[in-house]
Amino acid sequence: MRLRGLVRKEFLQILRDPSSIAIAFLMPLLLLLLFGYGVSLDAKNVPIALVVEHPNADTASFTASFQQSRYFKPLFVSNMRQARSVLMSGRVHGIVRLAGDFSSKLRSRDGAAIQVIVNGVDANTARVVQGYVQSLWSLWLEQRATSAGHKLAIPVDVRQRVWFNSELRSRNYLVPGLLAVIMTLIGALLTAMVVAREWERGTMEALMVTPVAMREILLGKLIPYFVLGMGGMCLSVGMTLWLFDVPLRGSVLILFVAAALFLLAALGMGLLISILAKNQFVAGQAAIIVTFLPAFILSGFIFDIGSMPPFVQALTHVIAARYFVAILQTLFLAGNVWSVIIPNALALAAMAAFFLLLSRRMARKRLD
Amino acid sequence: MLKRILALVRKEFLALFKDKKSRFIIVAPPIIQLLVFGYAATFDLNRIPIAVLNQDSGAASRQLLAHFRGSTNFQEIAPLHQNRDIAKTINSKQALLVLQLGPHFSRDLYLGKPAQLQVIVDGRNSNTALIALNYVHSIVLQFNNDWVKNHHGPAPPAHLQLRAWFNPNLESRWFIVPGIIGLLTLVVTMVVTALSVAREREQGTFDQLLVTPLRPVEILLGKALPGFVIGLLEGSLIILVAVYWFNVPLIGNLSALFIGIVLFLLSAVGVGLMISSLAVTQQQGMLGAFLFLVPAIILSGFATPIANMPTLVQQLTVINPMRYFMVVLRGVFLEGTPLALLFKQFWPMAVIGIVTLAIAAWLFRHRMQ
Amino acid sequence: MNAHRPQLPPMRSADDDGNALTMSTISKSFVSEGRSVKALDEVELRVSAGRITGLVGPDGAGKTTLMRLAAGLLQADTGSIRVLGLDATRDPLMVQRSIGYMPQRFGLYEDLSVQENLDLYADLQGVPHAIRAQRYHDLTKMTGLEHFTRRLAGRLSGGMKQKLGLACTLVQPPQLLLLDEPTVGVDPVSRRELWVIINKLILQHGTSVLVSTAYLDEAENCHEVALLHNGHCLGQDTPARFTARVEGRTYSVSAAGLSKRALHDVLADTDDVVDAVVQGNHVRIVASKNEPPKNIDLPNSVDLSIVPVPARFEDGFVTLLRAHLRPEDPARHHLDFKIAATTPTRASADAVIQVRELSRRFGPFYAVKNISFAVQRGEVFGLLGANGAGKSTTFRMLCGLLPPSSGHLSVAGLDLRRAASAARARIGYMSQKFSLYGNLTVRDNLQFFSSIYGLSGASRSDRIKWSLEQFTLDSVKDNRSIDLPLGFKQRLALACALMHEPDILFLDEPTSGVDPLARREFWHRINHLAEAGVTILVTTHFMEEAEYCDRLAIMDAGEILALGTPDEIKVSAADHGGPISTLEDAFIALLDANAKVRSEQ
């Protein structure tokens, strides 16, 4: 009865407090929309300057492949000086230069050189652009060879197959990974803030003198925010599947079990933070620094963990989001791969148990 | 008037730095974030785990694989022996890439027929997959060129000469670290300003200020200057760390950089104070700052290019001061962009700053409960 | 208030010695910033079963710590606490099952309705569903909340919130009820209603009650009173016995041809006088002996009348406190004050503050409705009213913090909202809650406000020195102001407000919550300011403060009910029937009459 009363109270409060609703529903929605639509690593229509110093049929066949490609938006300029200035002003990301002797060199023994200059400032985009140019180039070589009636003699021919995400849509991995961030927001940030608020407003003191046990107070927070977190999860999964067309190849059941484990770990952290910091400002800042930012940066959600320096990699092992992101990306895109799911789920369960037991130990029904 | 403003500024600094907690919040998170971002936030891959299924026994396959083994970008895990191992290795994330060389690889190569190298890549993180594939392509390209040269085969009629200006080795840290300067400057300025009016309202001291002879403009300046000074100091500190710790080249001129910082701070302080004067409680101030910061950072081009966004979102970014500052930072650091070319980044920040500051000053007196 | 005092009920659950709560040699220290502060020092206390025991003491005396110890929320360093036969240290959960505790800021969930708050506490206390309906009915009826069960707790007035807090505490009838300052910030009407509820409870259930309070008149409602001061218990006895110690030593003094302030000044300095307070046109004194004071330093021409009056509990309490004053406690100070040279040409009849037909609307609701009054130069003018009567809104409009919806107002001939910043240099402002920069030191605060008002160089350092001396702040000048005891904070706030020698001073509930000695000292300074020609406007719901005013406006529901001197108001209230002896009686009579008029409409 006592627990039921606490849970009911918490739900009523969530429904009536605009800032809880903002964190629980508005932020996830905002993040999903921002990441779903705003964040993309897939370069399309990259503006590129084409410098053709002596236009003829050969250069036209090469530049045609740029004009047809959906990856590039070519801009013809007549000399390198102009090309340089459009690159400096940021209007193009790269320059492709066909020198005046392109046609004659093409038929020579050494072959013609195609100069490709990319703006290296955004290294990631630069590399993607280089890759696109390379594939256009080899396609052009092949076409040329075929039209000349002989097979192209390249020594090693790379046949690539991309599993799980053959179109290489970055949205397919960003949006599932975002679930970990959203659940951290509800589980850790919101929980830490609402418990701290009870301390600030003096309601915690009033609760403590009732016969209610500390275990019940903690459960009274855990249950509502668990439900809220799972609700946020359902909303996000729904948007992921139906708004952003990300496939879910694994089992929904496993997805929810893993989410539940992660949410428990996040709630455990949120409770622990609020027990240690009894005011909203500090609890909020602490939750952002120790849960929200790591979930963004150190979870493998955007940046590859394997490429981080060893000490940062070691640090990621204590970030619960890292295990959840691994499960999410596998479940959505690869399927039920037990060799990924089981170890990561065990790690989540261990972290959940650790944080919940620690909060239980740290929370005492006393004010000193 | 100057004395009164100085008194206000002094009071703001005392209030910020006398309290252990707020001192901590201004100093510690930026340093932690700088280190974490600086080291962790990179799109460069190294030691990509690869697995090799080599069904060929010839020397050529070993030669090709030696190219992969020699690269620091790749690290080979135990060799595979049969086709069905591929799925297991990729699924369980033991390897990101599997290279498969068929039984006729060497024979085809010596015969001048295209020898096939199958590359299977884990696409769960599409960006990582794309970059890894690029690495594979450049190694194979190199191998092909060497092979043609050594075996006097026919060269392709045209070849690519790839060069990257401004960042020849395409290190993404050179891209991320200057961005962090903008990111952290914005975060710190928001933390300092977004709560400053709300905190005084909550504590009742704002009324006390309003009944003194201080004019709204003076209160505005008194509130804006500390955020401005702290932002400028932290920004300069991070620039030093970027140049001397992370070794990012700074080739442009410093005056262009600092004009950019000053204008950016103007707009950041303006937005912060506007949020702060709208908020009645600190909690609202914090929520408001958070709701501004997250989209401002994501839609600034900090991590992903604005050009990749849908048109509507791109149009939305024109009101985001950070997007202009990102261009200034990277331009000055890596490209040495001259001052004149940066003017079109400068004026929008100035406009955002002036408009938001004016709104904030108006709200001081007109937002009453 | 004594009318509702209950008869002693039969004993209920208690210890063998008949006590519901026994504390012996309790000490408790807190560590803050590396320093250990002793909150309670060897305190002895008992609460007899079925009785109301009052815990009286100034702010910071240790009342809340004591309450929390009794509720098992804190652990004592030494000593033992027995609650209803249980050891509170060993068995806090058992203790919490049988007591009710209402903390100072009762933890109402403001975004839940009245009913939902009750439901929550009924669930937590394990009240069986079968008896809930009856219980809710009784409680809401008793607290007058029966028509508001669906309203959100956050929308209730201060007094109603306290009553709801009490109802939540009582949802399972406790054997021992601990109330920590239940009436702080509550207006006189609600205060009386709360006491009626507490008394009823004792009659019906024989509950034992420990109630802490800073209001001394409330102590007289208790069967027994324990006095707490600086962590020490100065004694526990019946209120009558405390009062009896000063019986025959209390007099009301008036002098024709002498202002009450001048008279008060003289009396306060007289050796034989222990305590002197202004009351209406008289000065009430406690003499050191059982005879009227001699050696009053007045010219013979003044016609002095000294009439013996019955002693009050407050007289006993203040006398006892003065005997325990520590050397670092502030002594009485004369305020050396001159008005800045900006003083306008003096015309005795000119009104410094003019208010005509002033209204302020929030949506359809009138917070202030068509009020008019004027304040003369050098006058102390009080705005008196319950919570929500509109006095704070009026105050904020006068300070220029809130634009009026209609009507005219002027302060020193100007509307501060539109006036140039120089005009604001003529007013001083001190607000209800401590509104200085808490994490700045005393000196930082003084420096800040002096610079804001344009002082610099030697005149600034002189003025800061003046403040530190005049307000006895020198010993704490490097302490963070938030750590100061309330009395010091309030002196600092006044020092900051007077930094620029304003000729008009706005005070918003200036002495709410401070102990009687600090309040006396504060008003002593204010009297000096008024004598120096400073115009003072004060809002309050403290009747003691109201007694110091030259003239009062009593507000209710945004309107002025009565306007005049304290004595005039008492007289006019007497027209509404009933004996009027104090300003509080007058206030309540006026409010009752107004409520009657409105319900008839």
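As the structure is a computational prediction, the values presented were derived from the model and not from experiment.

### Observations concerning the overall build of chain B
No. 1: Per the secondary structure count, chain B includes 15 helices and five strands.
No. 2: Taken against the 2.2 N^0.38 rule, which gives 21 Å for 369 residues, the C-alpha radius of gyration of chain B at 28 Å runs more than 25% over that of a compact globule.
No. 3: In chain B, which comprises 369 residues, the share counted as buried stands at 61%.
No. 4: Considering only residue pairs separated by 6 or more positions, chain B has 78% of its internal contacts joining residues 24 or more positions apart.
No. 5: Counting only carbon and sulfur atoms, one obtains 65% of the accessible surface of chain B, whose full area is about 14400 Å².
No. 6: Looking at charge distribution, chain B has the averaged site of its 29 positive side-chain charges lying 5 Å from that of its 16 negative ones.

### Details of empty space enclosed by the protein
Using a probe with the size of a water molecule, rolled over the atoms, empty space left in the structure can be pinpointed.
No. 1: This model, assessed by the stated rule, comprises twelve cavities of 30 Å³ or more.
No. 2: In this structure, the largest cavity spans a volume of roughly 700 Å³.
No. 3: What lines the largest cavity is a set of 36 residues, and nearest its centre among them are A:Phe292, A:Leu293, B:Val187, B:Leu293 and B:Ile297.
No. 4: Residue assignment for the lining of the largest cavity shows that the elements contributing at least two residues are helix H11 (280-297) of chain A together with helix H2 (20-40), helix H7 (172-194) and helix H12 (282-298) of chain B.
No. 5: The element best represented in the lining of the largest cavity is H11(A), accounting for eight residues.

### Some words on the interface of chain B and chain A
No. 1: Contacts between the two partners involve 99 residues from chain B, matched on the other side by 103 residues from chain A.
No. 2: Carbon and sulfur atoms make up 67% of the area that chain B and chain A hide from each other, which totals about 9200 Å².
No. 3: If you sort the residues of chain B by the area they bury against chain A, B:Arg124, B:Leu160 and B:Trp165 come out on top, with a joint share of 8%.
No. 4: For the pair chain B and chain A, the interface holds one salt bridge.
No. 5: Across the pair B:Asp44 and A:Arg127 runs a salt bridge, and its minimum N-O distance is 3.0 Å.
No. 6: Applying the counting criterion to the chain B and chain A interface returns 32 residue pairs in polar contact (both at pLDDT 80 or more).

### Describing the environment of C:Tyr101
No. 1: Mapped onto the fold, C:Tyr101 is located in strand E6 (residues 99-102).
No. 2: Spatially, the C-alpha atom of C:Tyr101 lies 13 Å from that of C:Lys163, the residues being 62 residues apart in sequence.
No. 3: Side chain to side chain, C:Tyr101 and A:Glu205 meet in a polar contact 2.6 Å long.

### A short note on the packing of aromatic side chains
What characterises a pair of aromatic rings is the spacing of the ring centres plus the angle enclosed by the ring planes.
Residues and elements named next belong to chain C.
No. 1: Throughout the structure, instances matching the rule amount to 37 aromatic pairs over all chains.
No. 2: Between the aromatic rings of Phe522 and Trp523, the centroid separation amounts to 6.1 Å while the plane-to-plane angle is 80 degrees, which identifies the pairing as edge-to-face. Of the two residues, Phe522 and Trp523, neither departs from the other in class, the shared state being buried.
No. 3: Ring geometry for Trp523 versus Tyr548: centroids 4.9 Å apart, planes at 10 degrees, classification stacked. Of this pair, Trp523 sits in helix H16 (residues 516-531) while Tyr548 sits in helix H17 (residues 543-548), placing them 25 residues apart in sequence.

### Remarks on a nonpolar patch on the surface
All names here are of chain A.
No. 1: A surface patch of nonpolar side chains, about 520 Å² in accessible area, is lined by Ile21, Phe25, Leu29, Leu33, Tyr37, Leu235 and Leu243.
No. 2: Ranked by residue count, the leading element in the nonpolar patch is helix H2 (residues 18-38), at five residues.
No. 3: Note that Ile21 resides in helix H2.

### Some thoughts on unusual backbone geometry
All names here are of chain C.
No. 1: Notably, Asn230 is not glycine yet its phi reads approximately 50 degrees, a positive angle.
No. 2: Within the secondary structure, Asn230 is located in the loop between strand E9 (224-229) and strand E10 (232-237).
No. 3: Classification of Asn230 as partly exposed rests on a relative accessible area of 27%.
No. 4: For Glu509, which is not glycine, the phi dihedral falls at a positive 40 degrees.
No. 5: Tracing the backbone shows Glu509 in the loop between strand E20 (504-508) and H16.
No. 6: Judged by relative accessible area, Glu509 falls into the buried class, the value being 5%.

### Examining the nonpolar core
No. 1: With 333 residues, the main nonpolar core has A:Phe35, A:Ile114, B:Phe68, B:Leu117, B:Phe302, B:Phe333 and C:Leu21 as its most contacted residues.
No. 2: For this core, the element with the most residues is helix H7 (residues 171-201) of chain A, which contributes 19 residues.
No. 3: Ignoring anything within four residues of it in the chain, the contact list for B:Phe302 reads B:Phe37, B:Phe175, B:Ile176, B:Gly179, B:Ile180, B:Leu183, B:Ile297, B:Met322, B:Met326 and B:Arg330.
No. 4: Grouped together as the second largest cluster of nonpolar side chains are 104 residues, B:Leu14, C:Val380, C:Met499 and C:Ile526 included.

### A short note on the interface of chain A and chain C
No. 1: In this assembly, 29 residues from chain A lie in contact with 32 residues from chain C.
No. 2: Summing both sides of the interface, chain A and chain C together bury roughly 2900 Å²; the carbon and sulfur share of this comes to 58%.
No. 3: By the criterion of area lost to chain C, the three top residues of chain A are A:Met1, A:Val209 and A:Pro211, representing 22% of everything that side buries.
No. 4: The tally of links from chain A across to chain C stands at four salt bridges.
No. 5: A:Arg8 serves as the salt-bridge partner of C:Asp119, at 3.3 Å between the closest nitrogen and oxygen.
No. 6: Listed by contribution, the elements that provide at least two residues to the side of chain A that touches chain C are helix H1 (2-16), H7 and helix H8 (203-208) of chain A.
No. 7: If you tally residues by element for the side of chain A that touches chain C, the top one is H1(A), at nine residues.
No. 8: Class assignment for the residues of the side of chain A that touches chain C results in eleven nonpolar, five polar and 13 charged.

### Some details on the pattern of salt bridges
No. 1: Using the criterion set out here, one finds 58 salt bridges over all chains in the structure.
No. 2: Note that A:Asp157 and A:Arg159 form a salt bridge whose closest N and O atoms lie 2.8 Å from each other.
No. 3: Judged by its relative accessible area of 16%, A:Asp157 is buried.
No. 4: Its relative accessible area of 40% is what places A:Arg159 among the partly exposed residues.
No. 5: For C:Glu531, the salt bridge goes to C:Arg261, with nearest N and O atoms at 3.8 Å. With C:Glu531 in helix H16 and C:Arg261 in helix H9 (residues 260-269), the pair connects residues that are 270 residues apart, well separated along the chain.
No. 6: Overall, the relative accessible area of 47% leaves C:Glu531 in the partly exposed class.
No. 7: Several salt bridges share partner residues, and in doing so they unite C:Asp275, C:Arg284, C:Arg312, C:Glu314, C:Asp315, C:Arg322 and C:Arg520 into one network.

### Structural notes on helix H4 (residues 129-143) of chain C
All names here are of chain C.
No. 1: For H4, with 15 residues, the first-to-last C-alpha span of 21 Å sits near the 21 Å given by 1.5 Å per residue.
No. 2: Taken together, the buried positions of H4 are Arg132, Arg135, Tyr136, Leu139, Thr140, Met142 and Thr143.
No. 3: Where H4 is buried, its residues meet helix H3 (114-125), helix H5 (158-169) and helix H6 (188-205).
No. 4: With its phi angle positive at about 70 degrees, Gly144 sits one or two positions after the end of H4.

### Thoughts on the domain arrangement of chain B
No. 1: As assigned here, chain B comprises domain 1 (2-41 + 171-366) and domain 2 (48-151).
No. 2: Here the C-alpha centroids of domain 1 of chain B and domain 2 of chain B sit 47 Å apart.

About the thresholds
Residues numbered from 1 in each chain as written. Chains lettered and ligands numbered in written order. Predicted model: local features only at pLDDT ≥ 70, side-chain atom pairs only at ≥ 80, totals over all residues. Heavy atoms only, no water. Helix = DSSP H or I, 4+ residues; strand = E, 2+ residues; numbered from the N terminus. Rg over C-alpha atoms; globule rule 2.2 N^0.38 Å. Buried < 20%, exposed > 50% of the residue type's maximum accessible area, 1.4 Å probe, protein only. Contact = heavy atoms within 4.5 Å. Areas by Shrake-Rupley, 256 points an atom, 1.4 Å probe, with all protein chains shown as cover. Lys, Arg positive; Asp, Glu negative; His and termini not counted. Charge placed at Lys NZ, Arg CZ, Asp CG, Glu CD. 1 Å grid on protein atoms, 1.4 Å probe; cavity = no way out; pocket = protein on both sides within 12 Å on 5 of 7 lines; lining within 4 Å. Points joined across faces, edges and corners; volume = space filled by probe spheres on them. Buried area = accessible area lost by both parts, 1.4 Å probe. Salt bridge = Lys/Arg side-chain N within 4 Å of Asp/Glu carboxyl O. Polar contact = N/O pair within 3.5 Å; in protein donor to acceptor, adjacent residues only side chain to side chain. Phe/Tyr/Trp six-rings, centres within 6.5 Å; stacked < 30°, edge-to-face > 60°. Patch = residues over 30% accessible without salt bridge, like charges linked within 9 Å, V, L, I, M, F, W, Y side chains within 5 Å. Core = buried A, V, L, I, M, F, W, Y, C linked by side-chain atoms within 4.5 Å. Nonpolar A, V, L, I, M, F, W, Y, C, P; charged D, E, K, R; others polar. Expected span 1.5 Å × (residues − 1). Domains from an automatic or database assignment.

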